[in-house]
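For reference, the chains in residue letters:
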Amino acid sequence: MFLLWSTFSEIRFIPSSSMFPTLRVGDRIIIEKVVYLDENFSIARALLSSHSRASYFFRSPAINDIVTFRAPEQEPGFAKDSVFIKRIVAKAGDLVQVRDGSLYVNGVAQVENFIAERPSYTSNLTYVPKGHVYVLGDNRNNSYDSHNWGPLPMDKIVGKYVMCCYRPSNH
């Protein structure tokens with residue numbers, strides 16, 4: 001039973017407040033290991049090369065999925081194998097921008113009642129290319145995410161948030 005469970009899921013620790021208020025520092029969460037398929041099924045090759053990290057759950061990423069991933073570029077202070085957790089806010093073909101305290105996708109301000117506070121920054125208008133998603137932390141003003149380094153290649157995604165299984169009592 002444990003072998004089957006560990007093949008398809010894992011427990012992760014939340015080390016930062018970038019996803020606050022959805023997730024808090026110290027939370028333990030269950031992640032479903034995933035491989036997202038593109039329209040050519042080419043991402044399935046990742047399954048063969050990284051079978052220890054990915055399950056056999058195949059589907060396209062959805063807006064508002066919370067995913068874990070290896071960042072495409074590392075900021076000083078992060079290890080090469082650091083894993084981040086953020087929310088998908090846009091998919092391939094979308095135009096994304098943060099301005100005037102709101103997230104705009106394809107020119108439409110998004111209703112985001114899950115964020116800690118309105119963003120205080122402005123980002124450039126960004127096109128999300130094929131095979132990529134745009135990810136942001138729910139704590140918009142305290143998150144290292146796509147507004148810093150651009151769209152995330154889907155092959156960097158290693159898991160999808162399922163649920164919080166433990167929250168320390170002091171939170």
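Remember, predicted model here, so these are calculated numbers, not experimental data. (Residues numbered from 1 in each chain as written. Predicted model: local features only at pLDDT ≥ 70, side-chain atom pairs only at ≥ 80, totals over all residues. Heavy atoms only, no water.)

S.K.: I tried to follow the overall build of the chain on my own but got confused; where do I start?
M.R.: On a plain count of helices and strands, the chain comes out with 3 helices and 13 strands. The proportion of buried residues among the 171 residues of the chain is 45%. Taking contacts inside the chain between residues at least 6 apart in sequence as the whole, the part at least 24 apart equals 57%. Surface summary for the chain: the accessible area is close to 9,100 Å², and the carbon and sulfur share equals 54%. (Helix = DSSP H or I, 4+ residues; strand = E, 2+ residues; numbered from the N terminus. Buried < 20%, exposed > 50% of the residue type's maximum accessible area, 1.4 Å probe, protein only. Contact = heavy atoms within 4.5 Å. Areas by Shrake-Rupley, 256 points an atom, 1.4 Å probe, with all protein chains shown as cover.)

S.K.: Would you explain the environment of K130 in this entry?
M.R.: Locating K130 in the fold gives a position in the loop between β10 (126-127) and β11 (132-136). When the C-alpha positions of K130 and P153 are compared, they lie 8.8 Å apart, and in sequence the two are 23 residues distant.

S.K.: Help me understand the nonpolar core, please; the structure alone is not making it clear to me.
M.R.: One broad trend across soluble globular proteins is that nonpolar side chains are buried collectively. One finds V67, F69, V133, V135, W149, L152 and I157 to be the most contacted residues of the largest nonpolar core, which totals 13 residues. Elements represented by at least two residues in this core include exactly β5 (66-70), β6 (83-91) and β11. Apart from the residues within four sequence positions on either side, L152 is in contact with F69, R70, P72, G131, H132, V133, V135, S146 and I157. (Core = buried A, V, L, I, M, F, W, Y, C linked by side-chain atoms within 4.5 Å.)

S.K.: I'm lost on the layout of surface pockets in this one. Help?
M.R.: If you roll a probe as big as a water molecule over the atoms, it shows you where there is empty space left. In this structure, the largest pocket occupies an estimated 340 Å³ of space. Going through the elements one at a time, β1 (9-13) and β6 are the ones with two or more residues in the lining of the largest pocket. Here the lining of the largest pocket takes 4 residues from β6, the largest share from any one element. A breakdown of the residues in the lining of the largest pocket according to their chemical character gives 10 nonpolar, 7 polar and 2 charged. (1 Å grid on protein atoms, 1.4 Å probe; cavity = no way out; pocket = protein on both sides within 12 Å on 5 of 7 lines; lining within 4 Å. Points joined across faces, edges and corners; volume = space filled by probe spheres on them. Nonpolar A, V, L, I, M, F, W, Y, C, P; charged D, E, K, R; others polar.)

S.K.: For this particular structure, what's the right way to read the sheet that holds β6?
M.R.: To summarise the sheet geometry, strands pair through backbone hydrogen bonds and adopt either a parallel or an antiparallel arrangement. Here we have 7 strands laid out as an open sheet, ordered β1-β2-β13-β5-β6-β11-β12, and antiparallel in their pairing. A strand with exactly one partner marks an edge of an open sheet, and here the two such strands are β1 and β12 (152-153). Of the strand pairs in this sheet, β11 and β12 are connected by 2 bridges, and their pairing is antiparallel. The residue bridging H132 from the neighbouring strand is P153, located in β12. (Pairing = 2+ DSSP bridges.)

S.K.: Help me out: how do you make sense of the environment of Y121 in this one?
M.R.: Of note, Y121 is situated in the loop between β9 (108-109) and β10. On the basis of relative accessible area, Y121 is assigned to the buried category, the value being 14%. For the pair Y121 and R99, spaced 22 residues apart in sequence, the C-alpha to C-alpha distance is 6.9 Å. Ignoring sequence-local partners within four residues, the contact set of Y121 consists of V98, L136, R140, N141 and H147.

S.K.: Help me understand a nonpolar patch on the surface, please; the structure alone is not making it clear to me.
M.R.: Among the surface-exposed residues, L95, L125 and Y127 lie close enough to one another that they form a single nonpolar patch of about 310 Å² accessible area. Tracing the backbone through its elements, the reader meets Y127 in strand β10. (Patch = residues over 30% accessible without salt bridge, like charges linked within 9 Å, V, L, I, M, F, W, Y side chains within 5 Å. Salt bridge = Lys/Arg side-chain N within 4 Å of Asp/Glu carboxyl O.)

S.K.: In this structure, what is going on with the environment of N113? I would like to understand it.
M.R.: Mapped onto the fold, N113 is located in the loop between β9 and β10. Linking N113 and D138, residues 25 residues apart in sequence, is a C-alpha distance of 9.7 Å.

S.K.: I keep staring at unusual backbone geometry and nothing clicks. Help me out?
M.R.: For residues other than glycine, phi is negative in most cases, and the peptide bonds are mostly trans. Note that the residue after F20, namely P21, is joined by a cis bond; omega there is 10 degrees. One can find P21 in the loop between β1 and β2 (28-33). The phi dihedral of D100 falls on the positive side, at around 55 degrees, and the residue is not glycine. The topology assignment puts D100 in the loop between β7 (95-99) and β8 (102-105). The class for D100 is exposed, based on a relative accessible area of 58%.

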